[in-house]
Amino acid sequence: MRYRPLGRTGLTVSEIGFGCASYWGLPRFDEGEAARLVHRALDLGVTLFDTAPGYSRGEAEPRLGRALQGRDLDHLVIATKVGTFHAGGGRTGRDFSASAITASVESSLRRLGLEHLGLVQLHGPAAAELNDDLFAALERLRQRGLVTAFGANSFDPAVIAAVIAAPGLDVVMLDYNVLRPERGPLIDAALAQGKGVLAGMPLAMGQVDGQIRKLRSLRDLWYAARALKNHRHEVALAQRFAFLRDLEGMSAAQASLAYVLEHPGVSAAVMGTTRRAHLEANAAASGLILPPDVRARITAAQPR
Ligand SMILES: NC(=O)c1ccc[n+]([C@@H]2O[C@H](COP(=O)([O-])OP(=O)(O)OC[C@H]3O[C@@H](n4cnc5c(N)ncnc54)[C@H](OP(=O)(O)O)[C@@H]3O)[C@@H](O)[C@H]2O)c1
């Protein structure tokens, strides 16, 4: 596993991060299996684990906390989010007030069984919510020694640009994968500002690998339904990248991760998986270089 600095935070992260969200966190996915994936990730050198209070209907954070119990946390960066929460019945609530942010970090620490978080990110803020009260609350959390670095997770280009410009935020998490080359210039801008960049959805939610078409189990149906609900137009777009499934020496998922990590501004690709074989393949993508002809075919297939 290779490691990269997380911008100017002073933190270093494995370039493949583990997203503790979605199906991984749901009770219908076996707790033992979920924990074994975390432990295997640790063995493979993964040091970045990303979660949020609202992920998996509120179940992902406590599950990650249980999986980490008794483990050496010294070199890990445990990242969670603030501003959103599971409001019951599968609904997501949002509150970016200073008091809610403070309470959210305190609750996350309890649920994760930690005394300190490496990274806390605002989860989908509006640009107008990035105000002085909010930044003061974040700074107080930093001064209390509860959090090392702050960032924001957004898929809205205007908000991402505002986050990159905000002096109180060190990291931005955005949606970057072969289907989203338009994020490249934003990552260039983040790099120029010394901000760390985390690429969420680096596998385009499994679409490039054709994963969501292989309906082998309930979890595959769950992922397919999510992709069709949230990213229907990309399911068709992903077909243009079918050639990645026939490469010599790397799988489509590995090529997708290599593409994301090729950008020097990306600190880590944070992938989600519920399968050990996938986790191992994804970890092995660290250090892979895309052959120039594959790179050219990706560029040719990307939307203009
Ligand atoms: N999606 C979002 O809206 C979002 C938003 C903010 C942050 N994030 C962060 O980004 C992380 C990753 O996002 P994500 O899980 O939505 O998307 P992703 O990592 O791009 O894709 C996950 C999908 O890819 C499949 N997959 C993983 N490894 C594979 C491999 N080697 N070969 C084939 N298929 C593979 C997974 O299925 P298997 O389980 O079968 O491996 C799953 O269906 C999240 O956990 C979270 O931390 C995501």
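Starting afresh in each chain, residues are numbered from 1 along the sequence in its written order. Where local features are concerned, this predicted model is filtered to residues with pLDDT of at least 70; where side-chain atom pairs are given and counted, the filter is 80 or more; whole-chain, interface and lining totals use all residues. Excluded from the side-chain calculations are hydrogens and water; all other atoms, namely the structure's heavy atoms, are used.

Participant: I tried to follow the layout of surface pockets on my own but got confused; where do I start?
Facilitator: If a probe as big as a water molecule is rolled over the atoms, it shows which places are left empty. Here a cavity denotes grid points, spaced 1 Å and computed from the protein atoms alone, that fit a 1.4 Å probe unable to get out, and a pocket denotes an open set having protein on both sides within 12 Å along at least 5 of 7 lines; residues with an atom within 4 Å of a point are the lining. Grid points are joined across faces, edges and corners, and a volume is the space filled by probe spheres set on the points. Each pocket or cavity is described by its volume, and for the second largest pocket that value is around 200 Å³. Contributing to the lining of the second largest pocket are Leu11, Leu73, Asp74, Leu76, Ile78, Gly113, Leu114, Glu115, His116, Leu117 and Gly118. When residue character is reported, Ala, Val, Leu, Ile, Met, Phe, Trp, Tyr, Cys and Pro are called nonpolar, Asp, Glu, Lys and Arg charged, and the others, Gly included, polar. Tallied by class, the residues present in the lining of the second largest pocket amount to six nonpolar, three polar and two charged.

Participant: Would you explain the packing of aromatic side chains in this entry?
Facilitator: The description of two aromatic rings rests on the distance between their centres and on the angle between their planes. When two rings of Phe, Tyr or Trp (its six-membered ring) have centres within 6.5 Å they constitute a pair, described as stacked for plane angles under 30 degrees, edge-to-face for angles over 60, and tilted for the intermediate range. Scanning all chains against the criterion turns up eight aromatic pairs. For the ring pair Trp222 and Tyr223, a centre distance of 5.1 Å and an interplane angle of 90° mean the geometry is edge-to-face. We call a residue buried when its accessible area falls under 20% of the maximum for its residue type, exposed when it is over 50%, and partly exposed in between, using a 1.4 Å probe and counting protein chains only. The class of Trp222 is partly exposed, set by a relative accessible area of 24%. Residue Tyr223 is classed as buried on the basis of its relative accessible area of 15%. Taken together, a centroid distance of 6.4 Å and an interplanar angle of 35° make the contact between Phe241 and Phe243 tilted. No difference in accessibility class separates Phe241 from Phe243, as the two residues are buried. An aromatic cluster is built from Tyr23, Phe29, Trp222 and Tyr223, whose rings are joined through pairwise contacts.

Participant: Explain the pairing of strand β10 (residues 171-175) here, please?
Facilitator: Every helix listed is a DSSP run of H or I at least four residues long, and every strand listed is a run of E at least two residues long, numbered separately from the N terminus. For β10, the buried fraction is high: five of the five residues fall into the buried class. Residues of β10 alternate between two faces, with Val171, Met173 and Asp175 on one and Val172 and Leu174 on the opposite face, all of them buried. When DSSP finds at least two bridges between two strands, those strands are taken to pair. By the bridge criterion, three bridges tie strand β9 (residues 147-153) to β10 in an arrangement that is parallel. Along β10, the bridge assignment pairs Ala152 with Val172.

Participant: What's the story with the site of the ligand in this structure? I'm lost.
Facilitator: The rule for a residue being near a molecule or strand is that one of its heavy atoms must lie within 4 Å of it. Residues in contact with the ligand amount to 27 residues; listed here are only the nearest, Asp50, Thr273, Thr274, Arg275 and His278. At 2.5 Å from an oxygen atom of the ligand is found a side-chain nitrogen or oxygen belonging to Thr274. We call two N or O atoms a polar contact when they sit within 3.5 Å, provided that within protein one can donate a hydrogen and the other can accept it, with sequence-adjacent residues counted only if both atoms are side-chain atoms. The contact in question runs from a nitrogen atom of the ligand to an N or O atom on the side chain of Asn282, over 2.8 Å. Only the protein chains shown count as cover for residues, and the accessible areas themselves come from Shrake-Rupley with a 1.4 Å probe. Surface burial for the ligand is 94%, taken as the share of its 880 Å² of free accessible area covered by protein chains. Contributing elements (two or more residues each) for the shell around the ligand: α8 (218-230), β12 (266-271) and α11 (276-284). Classifying every residue of the shell around the ligand gives 13 nonpolar, ten polar and four charged.

Participant: Any chance you could explain the sheet that holds strand β3 (residues 16-19) here in plain terms?
Facilitator: Sheet strands associate in pairs through backbone hydrogen bonding, adopting either a parallel or an antiparallel arrangement. Around the barrel, eight strands lie side by side as β3-β4-β5-β8-β9-β10-β11-β12; this closed barrel has parallel pairing. Pairs of neighbouring strands in the sheet enclose a mean axial angle of 30°, with direction left out of account. Inspection of the sheet shows β3 paired to β12 by three bridges, in the parallel sense. Note that in β12 the partner of Phe18 across the bridge is Met271. We call two residues in contact when some of their heavy atoms are within 4.5 Å. With axes taken as lines fitted to C-alpha atoms, and helix axes fitted only over the stretch in contact, angles between N-to-C directions fall between 0 and 180 degrees. Lying on the sheet, helix α6 (residues 157-165) is in contact with β9 and β10; it crosses β10 at an angle near 160°.

Participant: Explain a nonpolar patch on the surface to me, please; I cannot follow it from the model alone.
Facilitator: Like charges within 9 Å and nonpolar side chains (Val, Leu, Ile, Met, Phe, Trp, Tyr) within 5 Å are joined into patches, using only residues over 30% in relative accessible area that form no salt bridge. Note on definitions: salt bridges are taken to be side-chain nitrogens of Lys or Arg within 4 Å of carboxyl oxygens of Asp or Glu. A cluster of nonpolar side chains, Leu215, Leu218 and Leu221, forms an exposed patch at the surface whose accessible area comes to about 300 Å². Residue placement: Leu221 occurs in helix α8.

Participant: Honestly, the side chain of Ser286 in this entry has me stumped. Any pointers?
Facilitator: Positionally, Ser286 belongs in the loop between α11 and α12 (292-301). What makes Ser286 buried here is its relative accessible area of 13%. Here the side chain of Ser286 touches Glu15 through a polar contact of 2.7 Å, side chain to side chain.

Participant: How should I be thinking about the pairing of β3 in this particular structure?
Facilitator: Each regular strand shows side chains that alternate between the opposite faces of the sheet. Neither face of β3 is open: one carries Ile16 and Phe18, the other Gly17 and Gly19, and all of them are buried. Where β3 lies against strand β4 (residues 48-50), two bridges are found, and the strand directions are parallel. Paired with Gly19 across the strands is Asp50, a residue of β4.

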